Amino acid sequence: MFYFAFRLVLLPLLRWLFRPTVEGAGQVPGTGAVILAGNHQSFTDQFLLGVTLRRRLTFLAKQEYFTGPGLTGRATAAFFRALGQIPVDRSGGEAARAAVDTALEVLGGEGALGIFPEGTRSHDGRLYKGKVGVAAMALRSGAPVVPVAIIGTFEAQPKGRRLPRRVPVTIRFGEPLDFSRYAGMEEERLVLRAVTDEIMYAVRTLSEQEYVDVYAVEARTAWEAAAAAA
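These figures come from a predicted structure and were not determined experimentally.

Draft legend 1. Seen up close, the packing of helix α5 (residues 133-141) against helix α7 (residues 189-207). Two elements in contact, α5 and α7, have axes whose closest approach is 8 Å; the angle formed by their N-to-C orientations is 100°. Compared by their axis directions, α5 and α7 come out roughly perpendicular. Across from Val134, Ala135, Ala136 and Leu139 in α5, the residues of α7 making contact are Val191, Leu192, Val195, Thr196 and Ile199. Classifying every residue of the contact of α5 with α7 gives eight nonpolar, one polar and no charged.

Draft legend 2. Up close: the sheet that holds strand β5 (residues 112-115). Taken in spatial order, the seven strands of this open sheet run β1-β8-β7-β2-β5-β3-β4, and their pairing is mixed. Sheet topology places β1 (21-23) and β4 (86-88) at the edges, where each strand pairs with a single neighbour. Adjacent strand axes in the sheet meet at a mean angle of 25°, parallel and antiparallel pairs treated alike. Looking at chain direction, strand β7 (residues 145-151) and strand β8 (residues 170-173) are connected through four bridges and run antiparallel. Across the sheet, the residue bridging to Ile151 is Thr170, located in β8. Lying on the sheet, α5 is in contact with β2 (34-38), β3 (57-62), β5 and β7; it crosses β2 at an angle near 165°.

The rules behind the values
- Residues numbered from 1 in each chain as written.
- Predicted model: local features only at pLDDT ≥ 70, side-chain atom pairs only at ≥ 80, totals over all residues.
- Heavy atoms only, no water.
- Axes fitted to C-alpha atoms, helices over the stretch in contact; angles between N-to-C directions.
- Helix = DSSP H or I, 4+ residues; strand = E, 2+ residues; numbered from the N terminus.
- Parallel < 35°, antiparallel > 145°, perpendicular 65-115°, else oblique.
- Contact = heavy atoms within 4.5 Å.
- Nonpolar A, V, L, I, M, F, W, Y, C, P; charged D, E, K, R; others polar.
- Pairing = 2+ DSSP bridges.

This is the structure:
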């Protein structure tokens, strides 16, 4: 109930603030399990994508949104839970497998799942290497993957900026990707890497971003270290 009430309030606000242009929304199936995999440049990305679609979209959200201290932390956690967002521990290993299992529950219920394969926001507007969890979810569920490019949100609200600028944004959906040819191969690392790279290539084609073949977290850590040493 809160999810749809939230849409009624947020949709006009986001339309006024970002004036989003939506391209290819018909590529997203109206029913059935589907994974939407997009680039990630701003905190607002998941909200823009969520209000763009007619059907409910569940996102994997970083665990830190649910564990903040004090009244603000509790309010933030309640807000994300009310939207149906799922907390994800990004430390890897068993935590990563648990995230995949949770996502599969959404897809098993014929839901739409949103994910940013880069794992975190880009610090410089470029597109970074995708993590293979998206491939594991696609192969284990059999759900198609719709690549998504969100263009303009880095200029509107890059990481570290509290309030967004009022700039135009484009949300562009690509053709669904079918990975049924890899059925039964979801435990093979090379297959997972190949599927993830195909998804990221589709996102890059839509977004026209410069692609960097390293993980976003590693690139940001190196950038921060260089800035501190300067």
